[in-house]
Amino acid sequence: MWYVSTRGMAPRVDFEGALFSGYASDGGLFMPEELPQLDRETLCQWSALSYPGLVKELCALFIGSELIPKDDLNDLIDRAFSRFRHREVVHLSRLRNGLNVLELWHGVTYAFKDLSLSCTAQFLQYFLEKKEKHVTVVVGTFGDTGSAAIESVQGAKNVDIIVLLPKGHCTKIQELQMTTVLRENVHVFGVEGNSDELDEPIKAVFADTVFVKKHNLMSLNSINWSRILVQMAHYFFAYFQCAPSLDTHPLPLVEVVVPTGAAGNLAAGYIAQKIGLPIRLVVAVNRNDIIHRTVQQGDFSLSEAVKSTLASAMDIQVPYNMERVFWLLSGSDSQVTRALMEQFERTQSLNLPKELHSKRERQECEQMAVMGCDGCCVELDPGNCGPRRGSMTGIPRTARGRVGG
C-alpha cells in the first residue's frame, strides 16, 4: 500500500517511509492513497477476534506482507502488548442504560497512547534492526504522549528520544514518568509555552528535509500514520462488543464518544467509518473548542489564547489531525487541502468552503459536540453503573467523554 501527503506535493511512500517520517516534506500528513473497503463478510469474521487480533488484521491490511511478513507482524504485536495489565489488553465495561466504557488504560503508563506507541515502537525496531540504522525521535507533549513514547523506546540501542515538555502544563505523575527515566537514550527538556507554541518549531524542523535526513529525525506524535492505524482497532473492538447482532440489514449503528485534543483519535475513528465500520462519532472537546466551531460553523480559527484545564493533554488550539479529516471530506483532494491549510498557517483563521462544510453536515454518521465540563475529575453516576462495577471514577479526559454519553 502506498501513502501520499494530504497536500499532494511530496513523493508517495510505503508504510516504512510513512513510519519514519514526521510531517511529509510539503508540510502535509501521510494518508493511504486508497482506502480499502470492508464487506459484511469480513466484518462478521473480525467480530470474533480479540483486540490484539483486530490490530493484527488492520495492520496487515495497511502495511503489506512484502514489508512485514504476517508471522513477523503477529509476533511484533504480541510483543507490544505483552506488558499490559489486562489479559484482554483492552476491556469493555458494561454499565447501565446502554452505556459502556472502553478501558484503554491498561498499559504501563496508564495512557491510551500506550496501545499505539507500543506497536509503533516494535515496527521501528523491526526495520531499524534489519537495516542497522539509528533514528532520533522528536516528541512534543502535554503529558501522555511523552511518557508513553519514552516507555515504548527506552533502552533501545538504535533509538534516541528527545521529549519537549512545556513547564507547568502537565500532571505531576506524567512529569515524573518522563523525568525519572534514567536511560542514556532518553532526553527530556522543559520548555516555555503551550502545546501549540511547541508544535511550531517542531514542524519547522521537519520542514528542513536536509536537516531531517542528516540526523535521521522522526516523530511519534500522532502526525505519525502508525499511531492512527493502531488506534483504528479501538473502534472495531468497541463496535463488535456493543453491536447487538450482525445479522440485521443494514448493520446496526453504534455511537462512540471520543474525547480528543489533536484529533488523532478522531481521525482514526473517521477512517474506520470510511472503510466500512457502521459507527456514529460524537467528539468531545474541552473549552479549547476549535473542533466544535469547525463542525458547527465551519470556523477553523484560533481563539485568543489556549485555555488551561485539568485535561491538559486536550488543551490544544491547533488539532493538526484535522488536516486528515479535511482531506477525507474533500474526497482526497490534496489541492483543496493544501490551500486550506496554507491559508490557516498564514492567517490562523479559516472558514471552510460551504461545499466542504455542507458535505460534513450530510454525513448522517457524524456528530461532534463540545462538552460543558471544565476538566474536573468526574465520578460516573453510580445509578448508571452495573452491580459488579459499582461507581467508576474517570480522569478528566474520560469524564469529558462520559458527559458526552
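Residues numbered from 1 in each chain as written. Predicted model: local features only at pLDDT ≥ 70, side-chain atom pairs only at ≥ 80, totals over all residues. Heavy atoms only, no water.

The name recorded for the protein in an unreviewed UniProt entry is Threonine synthase-like 2, from Saimiri boliviensis boliviensis. Looking at the protein in UniProt, the text filed under Sequence similarities (unreviewed entry) is "Belongs to the threonine synthase family." Of the protein, the UniProt comment under Cofactor (unreviewed entry) reads exactly: "pyridoxal 5'-phosphate". (UniProt positions renumbered as here; feature names shortened; annotations may be inferred.)

## Things to note about the overall build of the protein
Scanning the protein for helices and strands turns up 16 helices and 13 strands. Sorting the 405 residues of the protein into buried and exposed places 59% on the buried side. In the protein, the share of contacts with a sequence separation of at least 24, taken over all contacts with a separation of at least 6, comes to 73%. For the protein, the accessible area works out to roughly 17,300 Å², and carbon and sulfur atoms hold 49% of it. (Helix = DSSP H or I, 4+ residues; strand = E, 2+ residues; numbered from the N terminus. Buried < 20%, exposed > 50% of the residue type's maximum accessible area, 1.4 Å probe, protein only. Contact = heavy atoms within 4.5 Å. Areas by Shrake-Rupley, 256 points an atom, 1.4 Å probe, with all protein chains shown as cover.)

## Concerning the layout of surface pockets
Empty space within the second largest pocket amounts to approximately 590 Å³. At the level of secondary structure, the elements contributing two or more residues to the lining of the second largest pocket comprise α1 (15-19) and α9 (209-215). If one sorts the elements of the lining of the second largest pocket by residue count, α9 sits on top with 3 residues. Partitioning the lining of the second largest pocket into residue classes produces 11 nonpolar, 6 polar and 4 charged. (1 Å grid on protein atoms, 1.4 Å probe; cavity = no way out; pocket = protein on both sides within 12 Å on 5 of 7 lines; lining within 4 Å. Points joined across faces, edges and corners; volume = space filled by probe spheres on them. Nonpolar A, V, L, I, M, F, W, Y, C, P; charged D, E, K, R; others polar.)

## Regarding the UniProt feature "modified residue: N6-(pyridoxal phosphate)lysine" (unreviewed entry) in the protein
As recorded in UniProt, the feature "modified residue: N6-(pyridoxal phosphate)lysine" (unreviewed entry) lies at Lys113. Relative to the helices and strands, Lys113 resides in helix α5 (residues 113-131). Look at Lys113 and you get buried, because its relative accessible area is 9%.

## As for the sheet that holds strand β8 (residues 217-219)
Paired through backbone hydrogen bonds, the strands of a sheet run either parallel or antiparallel to each other. Taken together, the 4 strands give an open sheet; going across it, the order is β7-β6-β5-β8, and neighbouring strands pair in parallel fashion. Lying at the two open borders of the sheet, with one neighbouring strand each, are β7 (186-191) and β8. When the angles between neighbouring strand axes are averaged without regard to direction, this sheet yields 25 degrees. Judged from the 6 bridges that link them, strand β5 (residues 135-140) and strand β6 (residues 159-166) form a sheet pairing that is parallel. Looking at the pairing, Val138 lines up with Ile162 of β6. (Pairing = 2+ DSSP bridges. Axes fitted to C-alpha atoms, helices over the stretch in contact; angles between N-to-C directions.)

## Observations regarding helix α10 (residues 225-242)
Along its 18 residues, α10 runs 27 Å from first to last C-alpha, staying within 8% of the 26 Å computed at 1.5 Å per residue. Among the 18 residues in α10, 16 count as buried, and that is most of the element. Of the residues flanking the start of α10, the one acting as N-cap is Asn224, its side-chain oxygen 3.0 Å from the backbone nitrogen of Ser226. (Expected span 1.5 Å × (residues − 1). Polar contact = N/O pair within 3.5 Å; in protein donor to acceptor, adjacent residues only side chain to side chain.)

## A short note on the pattern of salt bridges
The full count for this structure, using the stated rule, is 14 salt bridges. Across the salt bridge formed by Lys203 and Glu345, the nearest N and O atoms sit 2.7 Å from each other. Highlighted residues: Lys203 in helix α8 (residues 195-207) and Glu345 in helix α14 (residues 334-347), separated in sequence by 142 residues. The residue Arg293 makes a salt bridge to Asp289 at a minimum N-O spacing of 3.1 Å. Here the two residues Arg293 and Asp289 agree in accessibility, since each one is buried. (Salt bridge = Lys/Arg side-chain N within 4 Å of Asp/Glu carboxyl O.)

## Remarks on α14
In this model, α14 (14 residues) spans 20 Å end to end at C-alpha, consistent with the 20 Å of a helix rising 1.5 Å per residue. Turning to α14, its buried residues are Thr337, Leu340, Met341 and Phe344. Looking straight down α14, one finds that the buried residues subtend no more than 90 degrees of arc, so they occupy a single side. Opposite its buried face, α14 presents the exposed residues Gln335 and Arg346, each directed more than 90 degrees away. The N-cap residue of α14 is Asp333: its side-chain oxygen and the backbone nitrogen of Gln335 are 3.1 Å apart. (Arc of directions from axis to C-beta.)

## A short note on empty space enclosed by the protein
What the rule picks out here adds up to 5 cavities of 30 Å³ or more. Considering only enclosed or pocket space, the largest cavity measures out at about 250 Å³ in volume. Of all elements in the fold, only α6 (144-153), α8, α10 and α11 (264-274) reach the threshold of two or more residues within the lining of the largest cavity. Tallying contributions element by element places α8 first for the lining of the largest cavity, with 3 residues.

## Here we look at the pairing of strand β3 (residues 91-94)
In terms of strand pairing, β3 meets strand β4 (residues 100-103) through 4 bridges, oriented antiparallel. Note that in β4 the partner of His91 across the bridge is Glu103. Count of turn residues in the β3/β4 antiparallel hairpin: 5 residues, of which Asn97 carries a positive phi of about 60 degrees.

## Considerations on the pairing of β6
Within β6, 7 of the 8 residues are buried, which leaves the element mostly enclosed by the surrounding structure. Taken together, β5, α6 and β6 constitute a β-α-β crossover, and its handedness is right-handed. The pairing of β6 with β7 spans 6 bridges and is parallel. Bridging across to β7, Leu165 finds its partner in Gly190. Note on the crossover from β6 through helix α7 (residues 172-179) to β7: the handedness is right-handed. (Right-handed = clockwise from strand over helix to strand, strands pointing away.)

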